[in-house]
Amino acid sequence: MQPLRILVIDDSPFVYKAMKRAVEPHGHMVIGHAENGLVGLEQISQLNPDIITLDVTMPVMDGLQVLQRLEQDKLQRVIMISAMSDMDLLKQAKGYGVNFFLNKPFQPQDVMYAIENMAERER
Amino acid sequence: MRDGIYEFINEYLSEIFASVNSEVFNCVLTESENGIAEASDRRFVILVGMVGHYRGRIILEMNSSTSDAILQRMNFGDPVITFQEQSLFLGELGNMVGGKFITAINNSFVGLELRLTPPIVFSGEDLSVVTPEIESTVKHYSADCGVVRIDIGIEGVKACPNLENF
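Residues numbered from 1 in each chain as written. Chains lettered and ligands numbered in written order. Predicted model: local features only at pLDDT ≥ 70, side-chain atom pairs only at ≥ 80, totals over all residues.

J.: Break down the overall build of chain A for me, with residues and values.
T.: Helix and strand counts for chain A come out as six helices and five strands. Listing every helix and strand of chain A by position from the N terminus yields β-α-β-α-β-α-α-β-α-β-α. The C-alpha atoms of chain A give 13 Å as radius of gyration, which agrees with the globular expectation for 123 residues (14 Å, within 12%). Seen through its C-alpha atoms, chain A measures out along the principal axes to roughly 30 × 25 × 25 Å. In chain A, buried positions account for 44% of the 123 residues. (Helix = DSSP H or I, 4+ residues; strand = E, 2+ residues; numbered from the N terminus. Rg over C-alpha atoms; globule rule 2.2 N^0.38 Å. Buried ≥ 20, exposed ≤ 12 C-beta atoms within 10 Å, placed from the backbone.)

J.: Tell me what's going on with the sheet that holds strand E1 (residues 5-9) of chain A, and back it up with residues and numbers.
T.: Residue and element names in this part refer to chain A. Read across the sheet, five strands follow the order E2-E1-E3-E4-E5 without closing on themselves; strand pairing throughout is parallel. Edge positions in the sheet fall to strand E2 (29-34) and strand E5 (100-103), since each has one partner strand and no second. Averaged over all adjacent pairs, the angle separating strand axes in this sheet is 20 degrees, with direction ignored. In terms of strand pairing, strand E4 (residues 78-82) meets E5 through four bridges, oriented parallel. Within E5, the position partnered with Ile79 by the bridge is Phe100. Sitting on the sheet, helix H6 (residues 108-122) touches strand E3 (51-55), E4 and E5, and the angle it makes with E5 is about 175 degrees. (Pairing = 2+ DSSP bridges. Axes fitted to C-alpha atoms, helices over the stretch in contact; angles between N-to-C directions. Contact = placed C-beta atoms within 7 Å.)

J.: Could you give an account of the environment of B:Cys145, naming the residues involved and the relevant values?
T.: Relative to the assigned elements, B:Cys145 resides in the loop between strand E6 (136-143) and strand E7 (146-154). C-alpha of B:Cys145 to C-alpha of B:Ser65: the two residues are 80 residues apart in sequence and 7.6 Å apart in space.

J.: Report on the interface of chain B and chain A, specifying residues and quantitative values.
T.: Listed as interface residues are 21 residues of chain B and, on the opposing side, 17 residues of chain A. Taken together, the elements giving at least two residues each to the side of chain B that touches chain A come down to helix H1 (2-25) and helix H3 (83-108) of chain B. Ranked by residue count, the leading element in the side of chain B that touches chain A is H3(B), at 12 residues. Looking at the side of chain B that touches chain A, its residues break down into 10 nonpolar, seven polar and four charged. (Nonpolar A, V, L, I, M, F, W, Y, C, P; charged D, E, K, R; others polar.)

J.: Would you mind going over the packing of helix H1 (residues 13-23) of chain A against H6(A) in detail, with residue names and values included?
T.: Residues and elements named next belong to chain A. Running from N to C, H1 and H6 point in directions that differ by 70 degrees, and their axes come no closer than 9 Å. By the angle class used here, H1 and H6 are roughly perpendicular. For the crossing formed where H1 meets H6, the hand is right-handed. Contacts between H1 and H6 pair Met19, Arg21, Ala22 and Val23 from the former with Pro108, Val111, Met112 and Ile115 from the latter. Its residues assigned to classes, the contact of H1 with H6 comprises seven nonpolar, no polar and one charged. (Parallel < 35°, antiparallel > 145°, perpendicular 65-115°, else oblique. Left-handed = near helix turned anticlockwise from the far one by under 90°.)

J.: Can you explain the pairing of strand E3 (residues 56-63) of chain B? Please cite residues and give values.
T.: All names here are of chain B. Taking burial as the measure, the eight residues of E3 include eight buried ones, the bulk of the element. Both faces of E3 are covered, namely the face carrying Gly56, Ile58, Leu60 and Met62 and the face carrying Arg57, Ile59, Glu61 and Asn63. Bridge count between strand E2 (residues 43-51) and E3: eight bridges; the pairing is antiparallel. Considered in E3, the bridge of Val45 is made with Glu61.

This is the structure:
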């Protein structure tokens, strides 16, 4: 698999650190960390990441608001990550075209499973 | 349905908390009869609100040595030193515990649509947190890193009579 460039949009430094630990041993790179959705949108347009990990609950702009503003091709690069995963939230994310949803706390192998499946779909 | 919520809490809280423990703390916390040791130690209290068709809050409480040990595990072995960093990590811990908890409630009691408020972290000595208008279910969990107290209350919902209440 080609090395992928990953942007983490999450207000938690724990998630940023956990993401780096999960993906970097596999040759992928975390290219940025945005602590809210608004900064995240700016970084998406500046960095054009291959994969966007997106928290749901954040200050300033939450993850669902970010999804509303993303173009279709970018929505397909999103992995939603949240401490909440009730059916209503999953349906909302799915409605925007998001195919991958990870529960916090996640394991490194969960992240890699989502990334590998996403890359497989892109081919 | 209201009474059913507390029965649900009583039945599933240990399971929910155990899943967070094993994934985040990398240790097993078991339900304990013992409370947090009364030491002249600083304490941390994490408060996460629940809003939706009901209102309530989840409170996690631990002393600083327990907090240090948990945060070091969350931070992949590196100590978390500054209060700002500690607050961010503890807030995330509150989010994870609260998130798992309300996910379980929302999926079992359709229509409640509970959501979490941003966490608040308090720190101090001789710290006691009381929410007098809400009945609470309180449980203690212990492990090698210490004891964590969890207190869950939902406004207008009576706690189970066999549980510790305010």
